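What follows is each chain in one-letter form.
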Amino acid sequence: MCNIAGYSGNRQAAPILIEMLRRQQSYDGALSTGVATIHEGKLHYRKVVGDVDALLRETDALSLPGTIGIAHSRPAADKNLPHPYISMDGRMALVTNGNTPPNHYSYLTDNTLELLEKEGFKFTTEMEGKKEGFPSLSNGNAVSPAEGRVHLVDYYLKKGLCMEEAMARCSDEMYADNVFLTLSLDAPDRISALRTTRPMNILLGDGETFLATTTFGFPDDVEGEIMALPLMHVCSVTNEGFTVTKHRIRTERVAEVNPRAYALAYNGLTEFLLARKNDPVYLDEIVHHLDNNIKGIWNTEHTYNQRVRLTYNILEQLDKEGRLRFVLRKNERNGVTRDLRYMWAE
């Protein structure tokens, strides 16, 4: 799963964002990394295939100017796939985290792709031939659905919609097991954020605001209120906090993490992790166990649930209790090796 960070405050954003990614990347991600900031009317960004160390080794990302920015780490190492994605006019950056099942048609329909092509949008992620889980252009070549998202938001912006409404319309048309953030020169003092299912937490500090996939990403030396970003509504995030706007996704239903769901998940995952002391597991295996072995968590009709957020909630609680343990182990994916946390409970 991808990890995301965001920051708006009075300090240089890039070092803070990069450190927040470093704190999260051992849970997942770490195969592609990128950061974007805004300073004096210009969007700055750097991205690489590799982890945070590769980003620092191969670019000057640490010195990017500006006190607002977004960052991203993902578990895919293809040169076409690092975030952030940038709009064709260079005015907007977008990072996203979500899951797109190969057989799910609505996440980027042929009609939407055809529209974007006709409107002149070009895909830098174009890959020769069809690829499972990726939509295809009219020439049959695959493209990243995340780049489709930045183009679709930009399309609606050019039609006169505000950023928040454009993001909501985009998610109504694309697969929405997702969270995404945008950073735009048209509103250089804010990050716009929209969450359906994937976790996104916000830390309200003194004159600065932090966003992170998991609370493990937040700095230890910043005190403030932590909460989950609200569901379905686009939020405007500044150094003073966040505002829930009227613009929302209208096409999906998401199961809430209520006390009953939390209690079932806590008991089930704790039992599972207690039994894994001699055979630790990493995040994907823990989420898989929650999905397939803990029955009755979601007892409402819904399109999506919040299984990853719920898994992180339990891990965060076990960590607070002093019961979560981990060891870093090599994990290979698509021929690339990364260090991941393999966890258990005591």
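To start, this report covers the structure provided alongside it. (Residues numbered from 1 in each chain as written. Predicted model: local features only at pLDDT ≥ 70, side-chain atom pairs only at ≥ 80, totals over all residues. Heavy atoms only, no water.)

1. Let's talk about the overall build of the chain
- Along the chain, the regular secondary structure elements total 8 helices and 15 strands.
- Here the C-alpha radius of gyration of the chain, 19 Å, is about what a compact globule of 346 residues would show, namely 20 Å.
- If you line up the chain on its principal axes, its C-alpha atoms span 55 × 45 × 40 Å.
- With 346 residues in all, the chain has 58% of them scored as buried.
- For the chain, the exposed area adds up to about 14,700 Å²; of that, 45% sits on carbon and sulfur atoms.
- Considering the chain, the positive charge centre built from 39 side chains and the negative charge centre built from 46 side chains are found 2 Å apart. (Helix = DSSP H or I, 4+ residues; strand = E, 2+ residues; numbered from the N terminus. Rg over C-alpha atoms; globule rule 2.2 N^0.38 Å. Buried < 20%, exposed > 50% of the residue type's maximum accessible area, 1.4 Å probe, protein only. Areas by Shrake-Rupley, 256 points an atom, 1.4 Å probe, with all protein chains shown as cover. Lys, Arg positive; Asp, Glu negative; His and termini not counted. Charge placed at Lys NZ, Arg CZ, Asp CG, Glu CD.)

2. Quick word on the pattern of salt bridges
- Evaluation of the coordinates by the stated rule reveals 19 salt bridges.
- For Arg46, the salt bridge goes to Asp60, with nearest N and O atoms at 2.6 Å. One end of the pair, Arg46, is in strand 3 (residues 42–49); the other, Asp60, is in the loop between helix 2 (52–58) and strand 4 (68–74), with 14 residues separating them in the sequence.
- When its relative accessible area of 27% is taken as the criterion, Arg46 is described as partly exposed.
- Under the relative-accessibility criterion, Asp60 is labelled partly exposed at 39%.
- As a salt-bridge pair, Asp154 and Lys158 come within 2.8 Å of each other at their nearest N and O atoms. With Asp154 and Lys158 both in helix 4 (residues 145–158) and 4 residues apart, this pair spans about one turn of that helix.
- Residues joined by salt bridges that share partners form a network here, namely Asp177, Arg198, Asp291 and Arg307. (Salt bridge = Lys/Arg side-chain N within 4 Å of Asp/Glu carboxyl O.)

3. A word on the packing of aromatic side chains
- Applying the stated criterion across every chain, the model contains 6 aromatic pairs.
- Their ring planes at 55° and their centres at 5.1 Å tell us that Tyr7 and Phe210 sit as a pair that is tilted. Here the residue Tyr7 occupies a position in strand 1 (residues 3–8), and Phe210 occupies one in strand 10 (residues 209–212), the gap between them amounting to 203 residues.
- Judged by relative accessible area, which is 0%, Tyr7 ranks as buried.
- Residues Tyr262 and Tyr266 carry aromatic rings whose centres are separated by 6.2 Å and whose planes lie at 20° to one another, so their mutual orientation is stacked. One end of the pair is Tyr262 and the other is Tyr266, both in helix 6 (residues 259–274) and 4 residues apart, which spans about a single turn.
- Here Tyr262 falls in the partly exposed class, since its relative accessible area comes to 26%.
- By relative accessible area, which is 17% here, Tyr266 ends up buried.
- Chaining the aromatic ring pairs together yields one cluster made of Tyr27, Phe216 and Tyr312.
- Over the aromatic face of Phe180 sits the side chain of Arg149, whose NZ or CZ is 4.8 Å from the ring centroid. (Phe/Tyr/Trp six-rings, centres within 6.5 Å; stacked < 30°, edge-to-face > 60°. Lys NZ or Arg CZ within 6 Å of the ring centre and 35° of its normal.)

4. Some details on the pairing of strand 9 (residues 201–204)
- Bridge count between strand 9 and strand 10: 4 bridges; the pairing is antiparallel. Residue pairing across strands places Leu204 opposite Thr209, the latter belonging to strand 10.
- Hairpin connection, strand 9 to strand 10: the antiparallel pair is bridged by 4 residues, and Gly207 has positive phi, about 75°.
- In the sheet, strand 9 pairs with strand 11 (residues 225–228) via 4 bridges, with the strands oriented antiparallel. Bridged to Ile202 within strand 11 is Met227. (Pairing = 2+ DSSP bridges.)

5. Focus on helix 5 (residues 163–173)
- Where helix 5 is concerned, the buried positions are Met163, Glu164, Ala166, Met167, Ala168, Cys170 and Ser171.
- Where helix 5 is buried, its residues meet strand 6 (92–98), helix 4, strand 7 (178–184), strand 8 (191–195), strand 12 (233–238) and strand 13 (241–248). (Contact = heavy atoms within 4.5 Å.)

The values are spatial; any link to function lies outside them.
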